[in-house]
Amino acid sequence: MKFVDEYRDSALARDLARAILAEARPDRDYRLMEFCGGHTHAIFRYGVQDLMPENLRFVHGPGCPVCVLPMARIDQAIAMASQHGVTLCTYGDLMRVPASERQSLLKAKAAGADIRMVYSTQDALAIARAATQQQPAQQVVFFAIGFETTTPPTAVALKTARAEGLRNFSVFCNHVLTPPALRAILSDSADEVARIDGILGPSHVSTIIGSAAYEFVARDHGLPLVIAGFEPLDVMQSALMLVRQINQGRRDLQNQYSRAVSPEGNTKAQALMRDTLVPRERFEWRGLGWLPESALKIADAYADWDAEQRFPVAVTPGREHEGCECPKVLRGLMEPTDCKLFGRVCSPENPLGACMVSSEGACAAYWLHGRSRIPQRTASASAT
Ligand code: SF4
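Residues numbered from 1 in each chain as written. Predicted model: local features only at pLDDT ≥ 70, side-chain atom pairs only at ≥ 80, totals over all residues. Heavy atoms only, no water.

With an unreviewed UniProt entry as reference, the chain is termed Hydrogenase maturation factor, source organism Thiorhodovibrio winogradskyi. UniProt, in the comment section headed Sequence similarities (unreviewed entry), describes the chain in these words: "Belongs to the HypD family." (UniProt positions renumbered as here; feature names shortened; annotations may be inferred.)

So this is what it looks like as C-alpha cells:
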C-alpha cells in the first residue's frame, strides 16, 4: 500500500531511532507532549516509545474530544432524548462514556430513549428526512462533538438543513477549539503544571486551522512545537525535530506534516464555520475546567436548528467517578497506569472514565497496546 507503508518502514524507523539517540544529550531528559489522542495511539500501537532513548518520554495531552467532554453535556443529551422525546443521533464512541448517576447514552437507550449511532452528519440528516415522511412530528437532534477537524461537516449540515427547510432537524453543538486548551495547559497553576519541553502539535486539526494558529506557543510560552503527522515515522521525525530545537535552545513552530498542513489551513472550511458557528463565552472541559472562548455555539442566523434553544433542559454539574484520574491524565500530570483503578476495576469492558472508552483515549491506548508494562510498573511502585 503505497504511502502508508512508506510511513511505517521499519528500516527508516531504526535510522530515525539511531538519529534521536545520537542527538539526545545524556545529561538531560526530554518530555514531549503529544496533544492528540491519535498520536498517543500511534505511539503505543507501533511501539514508538520503546524506540526512544530512556531519557525521552512522551507526555499525553487533552487531544481526545470524547475525553474532554464534561459529564454535564452527556447528561444534557440524555435529558433531551428522555424529557423531550427527540431522536438523538451520536457517534459510537460517546455511547458508553459514563454520565452522572452511573448513566450513559447506551443505558438511556436501553431504558427506551430513541438514541441512534451514526457515522456522519449526513446519516443524521437522512434520519430527519425519513422522519418527515413517516413521523412528521418527530424531532431529530445531532449530538455534535469534536475539535476543529469535525466542525466543518456540522457547518455543512446546518446549511443543508436550512436550505432544505428541514424543521425537524437540529444540532446539539459541543465543538471545542484546540488553541485555548493548549494555552490553558501551558499556563496552568504553578503546582499543577506538567513539565513539558516541546509539543507535538495536532495534525488533522491543523489541516483546517493551519499551522500559524500555534505561533503563540513559541511566542508566549517559550516552547518549541512541531505539527506532526499520525504515522509512526511522522511522530519519530517530529520527535527528532523537537530534540534538535531543544538542544539548540530554539523555540520555533515547525511543520513536519507539510504534505497536508499549510500555514493558513483550509480557508473554505474556516468560512463555513464562521458562517454558522460563533465562539461561546466559555465552555467546560473535563480536566481543564471552564475555559474562555474555547468552544463554538450555533450562530443566531441558525437558531431554528439549535437544539439547546429548542429543547432546553435543567443541567446540574456532573460528578466524576470517585478515584478516576482522567482530569490529571488529560493535563499530562499522570500516566494512565498511575491511576489506582486502571486495569483493576476500569477497563474498556467496564470503563469508569472517558479516557478508557474513547478510541483516542490515553487509558484505552495503554490498555490496548501497553498492558504488558503494568505488572512491572506496579512492582516498582510498590517497592518504593
Ligand atoms: S484508568 Fe479509568 S478511572 Fe483511571 S483515569 Fe483512566 S479512565 Fe479514569
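Past the structure itself, the notes keep going.
**Side note on the overall build of the chain**
The secondary structure content of the chain amounts to 18 helices and 13 strands. Scaling as 2.2 N^0.38, a compact globule of 384 residues should have a C-alpha radius of gyration of about 21 Å, and the chain matches this with 21 Å. With the principal axes as the frame, the chain shows a C-alpha extent of 70 × 45 × 45 Å. A burial count over the chain gives 55% of its 384 residues as buried. A separation of at least 24 residues holds for 78% of the contacts in the chain among residues at least 6 apart in sequence. Between the averaged position of the 41 positive side-chain charges in the chain and that of its 42 negative side-chain charges there is a distance of 2 Å. (Helix = DSSP H or I, 4+ residues; strand = E, 2+ residues; numbered from the N terminus. Rg over C-alpha atoms; globule rule 2.2 N^0.38 Å. Buried < 20%, exposed > 50% of the residue type's maximum accessible area, 1.4 Å probe, protein only. Contact = heavy atoms within 4.5 Å. Lys, Arg positive; Asp, Glu negative; His and termini not counted. Charge placed at Lys NZ, Arg CZ, Asp CG, Glu CD.)

**A closer look at unusual backbone geometry**
Backbone geometry places Arg-102, a non-glycine residue, at a positive phi of 55 degrees. Within the secondary structure, Arg-102 is located in the loop between β3 (87-90) and α6 (105-110). Even without glycine at this site, Glu-293 takes up a positive phi of about 45 degrees. By the element assignment, Glu-293 lies in the loop between β12 (289-292) and β13 (296-298).

**What about the packing of helix α8 (residues 151-164) against helix α13 (residues 267-276)?**
Two elements in contact, α8 and α13, have axes separated by 9 Å at closest approach and are oriented at 55 degrees. Comparing their axes, α13 and α8 come out oblique. Between α8 and α13 lies a crossing of left-handed hand. Packed against α8, whose contacting residues are Thr-151, Pro-152, Ala-155, Val-156, Leu-158 and Lys-159, the element α13 presents Ala-269, Leu-272, Met-273, Asp-275 and Thr-276 at the interface. For the contact of α8 with α13, the class distribution of residues is seven nonpolar, two polar and two charged. (Axes fitted to C-alpha atoms, helices over the stretch in contact; angles between N-to-C directions. Parallel < 35°, antiparallel > 145°, perpendicular 65-115°, else oblique. Left-handed = near helix turned anticlockwise from the far one by under 90°. Nonpolar A, V, L, I, M, F, W, Y, C, P; charged D, E, K, R; others polar.)

**Here we look at the site of the ligand**
Around the ligand lies a shell formed by Cys-324, Glu-325, Cys-326, Cys-339, Leu-341, Phe-342, Cys-346, Gly-353, Met-356 and Cys-363. By residue class, the composition of the shell around the ligand is eight nonpolar, one polar and one charged. (Near = heavy atom within 4 Å.)

**Comments concerning helix α9 (residues 178-186)**
Among the nine residues in α9, eight count as buried, and that is most of the element. Of all the positions in α9, only Thr-178, Pro-179, Pro-180, Ala-181, Leu-182, Ala-184, Ile-185 and Leu-186 are classed as buried.

**Looking at the packing of aromatic side chains**
Tallied over the full model, the rule gives seven aromatic pairs. Summarising the aromatic geometry, the rings of Phe-44 and Tyr-366 are spaced 4.4 Å apart at their centres and angled 45 degrees between planes, so their arrangement reads as tilted. Taken together, the residues span a long stretch of sequence, with Phe-44 in helix α2 (residues 37-45) and Tyr-366 in helix α17 (residues 362-370) at a distance of 322 residues. As far as the burial class goes, Phe-44 and Tyr-366 line up, both buried. Arranged with centres 6.1 Å apart and planes meeting at 35 degrees, the rings of Phe-147 and Trp-285 form a pair that is tilted. Here Trp-285 lies in strand β11 (residues 282-285) and Phe-147 lies in the loop between β5 (140-146) and α8, a separation of 138 residues in the sequence. The same class applies to Phe-147 as to Trp-285, namely buried. Among the aromatic side chains, those forming a connected cluster through ring pairs are Phe-35, Phe-147 and Trp-285. (Phe/Tyr/Trp six-rings, centres within 6.5 Å; stacked < 30°, edge-to-face > 60°.)

**Some details on the pattern of salt bridges**
Counted according to the given criterion, the structure contains 17 salt bridges. Among the salt bridges present, the one from Arg-25 reaches Asp-27, with a minimum N-O distance of 3.0 Å. Relative accessible area serves as the criterion here: at 34%, Arg-25 is assigned to the partly exposed category. Look at Asp-27 and you get exposed, because its relative accessible area is 57%. Here Asp-304 and Arg-167 are joined by a salt bridge, their closest N and O atoms 2.7 Å apart. Residue Asp-304 is found in the loop between β13 and α14 (307-310), and its partner Arg-167 is found in the loop between α8 and β6 (169-175); the two are separated by 137 residues along the sequence. By relative accessible area, Asp-304 is classed as partly exposed at 40%. One salt-bridge network, held together by shared partners, links Arg-28, Asp-29, Arg-195 and Asp-197. (Salt bridge = Lys/Arg side-chain N within 4 Å of Asp/Glu carboxyl O.)

**Things to note about the nonpolar core**
One recurring pattern in soluble globular proteins is that nonpolar side chains are buried together. By size, the foremost hydrophobic cluster in this structure holds 102 residues, and its most contacted members are Phe-58, Leu-105, Phe-143, Leu-182, Ile-199 and Trp-285. Residue contributions to this core peak at nine residues, all from helix α12 (residues 232-248). Those residues in contact with Ile-199, other than ones at most four positions away along the chain, are Met-33, Leu-182, Leu-186, Val-217, Leu-223, Pro-224, Leu-225, Val-226 and Leu-242. Grouped together as the second largest cluster of nonpolar side chains are 22 residues, Leu-125, Phe-142, Leu-296 and Trp-305 included. (Core = buried A, V, L, I, M, F, W, Y, C linked by side-chain atoms within 4.5 Å.)

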